[in-house]
Structure formats: C-alpha cells, structure tokens
Amino acid sequence: MEEIPFDSGRKRMTTVHRRPDGAVRVAYEGAPESLLGARVLADGPDLLARAADRAEAPARDGYRVLAVASADHEEASEPSGTWESGLSLLGLVGILDPPRSASEPTIAVCERAGIVPVLITGDPPLTDRAVAERLGIASREEEITTGRRIREGAAGELTGVRVYARTTPEQKLDIVEACPVPRSVRSPSPRRRCAVRPGPPRRACWVPACGRASCSWGPSSPP
C-alpha cells in the first residue's frame, strides 16, 4: 500500500499494508539505534533499555541485529509522515552473515605479504569488531571508528584505523581516497587507491565485509 524505503542515513524502512478487515498495519524494521533511540515507539523507557541491552549480546558474536515494530490503524487516514510513530516493539532479530570461507586464509596471506587489510562496513561497531577479530584484521584493543565520528570530524587520522563501522557508501569512498598514494601507483578505480605506507615497498588492501579484496601495489610489481 505504501513504503518508506530503507536508506543508509535512516537505517530503517517502513511498509504499510491493508488488512483483510480494511484496517491498516504498519511494519517497521531497522537498526536498533534507529528504533530504540528514536521517538517512534509507544513503549516505556524500561522496555527500550532492556531491548538495547539485549541487542548488544548477538552483535558481539558477529550478528547483524534488526529491531522490528508494528502498529494497527482502523483506517488509512493517517498522513504518510506519521506512520513512524506510536509503534509497539515486537522484538529483535539476529542475522548471521559470516565471512566467506576463503576470507581468513586470503587475509593471512595478504598480511604476510605486507598488505594492510581494512574493514569498512555499514554494520554496527560490535558486529564489525567480532568480524575483524575473527579474520585477524584487528584485535579487541584496536580502535574502531564510525561514520558519525567521521561526519563530526572526531575520527582523527583515517589512515590509522583498521575498522570503520556504520559508514555510508560515500564515506567508504572518502576513506579509501584519504589514503596517500605514491606517484608511481596508477589506478583507474578509486576503490584501488588505498595506501602504500612510508618505508619499504608495501601493499595496502581494502577488504569489504563480503571478503573480496582489492589491492594496490607500491613500486614493486604485483605477484
């Protein structure tokens, strides 16, 4: 009947459905922070606090967590801008999307070859930390920055971070393009421009969540 589509800024989507009895059901799903931290739920603060705590546990295990809510209306007379209000939380959904089996050995080979892997995703920081640890990209002690910190100018030097969470597609390109590239490196694609660091010839590698690796080579020839 109607849809408010998902986008990376809102991190949520809403669909409106007509029921057989003529009433209307609003279905909402999105990142927990977009639902539990926004003024869209009619539930009390205690329930929201418990849900926020529960959302962290599966995220630490590498799950992508969605919050789901709904509301019923007798008629479809609500202005479309008010669908995302007065909803009731239905629960949380954990989605396990593990890295490909070839990712871990590929990253290990890259590390031995002097390639610096970087994880850049739109997922939450807890999920990214679990994936980065599993793949050997970053340890538990290493810093993770987020798209919000980048927007606020609080992320510091982008080339010093191994894991970037909750980033937009535009920020992913900005991060890669922020990496310095020696003049000897020629690359037709912005995604392959990430950074040969100072010192002996090294290679840098941009590794998205799906496990594919795009690498740039320094003065030495690629293998």
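I will try to describe carefully the structure that is included in this document. All values reported here derive from a predicted model rather than from experimental measurement.

## Comments concerning helix 6 (residues 169-178)
Along an α-helix, residues three or four apart share an orientation, since each turn contains 3.6 residues. Here helix 6 has its buried residues at Gln-171, Ile-175 and Val-176. On an axial view of helix 6, the arc spanned by its buried residues comes to 140°, and they lie on one face.

## Regarding the pattern of salt bridges
By the definition in use, this model includes 12 salt bridges. A salt bridge links Glu-56 to Arg-60, with the shortest nitrogen-to-oxygen separation between them at 3.1 Å. One end of the pair is Glu-56 and the other is Arg-60, both in helix 2 (residues 45-60) and four residues apart, which spans about a single turn. Put simply, Asp-123 and Arg-64 hold a salt bridge, and the shortest N to O gap is 3.0 Å. One end of the pair, Asp-123, is in the loop between strand 6 (115-120) and helix 4 (125-135); the other, Arg-64, is in strand 4 (residues 64-73), and 59 residues separate them in sequence. You can call Arg-64 partly exposed: its relative accessible area is 31%.

## A few points about the sheet that holds strand 1 (residues 2-4)
A sheet is described by the order of its strands in space; here five strands give the open sequence 1-2-3-4-5, paired in antiparallel fashion. Either end of the sheet is taken by a strand with one partner, and the two such strands are strand 1 and strand 5 (88-95). Along the sheet, successive strands turn relative to each other by an average axial angle of 15°, direction set aside. Here strand 4 pairs with strand 5 via seven bridges, running antiparallel. In the strand pairing of strand 5, Val-68 is matched with Gly-91.

## Focus: unusual backbone geometry
In this structure, Lys-11 takes a positive phi of about 60° despite not being glycine. Relative to the helices and strands, Lys-11 resides in the loop between strand 1 and strand 2 (12-18). The exposure class of Lys-11 is buried, given its relative accessible area of 17%. Positive phi, normally seen in glycine, also occurs at Arg-166, with a value near 50°. The topology assignment puts Arg-166 in the loop between strand 8 (163-165) and helix 6.

Rules used in this analysis
- Residues numbered from 1 in each chain as written.
- Predicted model: local features only at pLDDT ≥ 70, side-chain atom pairs only at ≥ 80, totals over all residues.
- Heavy atoms only, no water.
- Buried < 20%, exposed > 50% of the residue type's maximum accessible area, 1.4 Å probe, protein only.
- Helix = DSSP H or I, 4+ residues; strand = E, 2+ residues; numbered from the N terminus.
- Arc of directions from axis to C-beta.
- Salt bridge = Lys/Arg side-chain N within 4 Å of Asp/Glu carboxyl O.
- Pairing = 2+ DSSP bridges.
- Axes fitted to C-alpha atoms, helices over the stretch in contact; angles between N-to-C directions.

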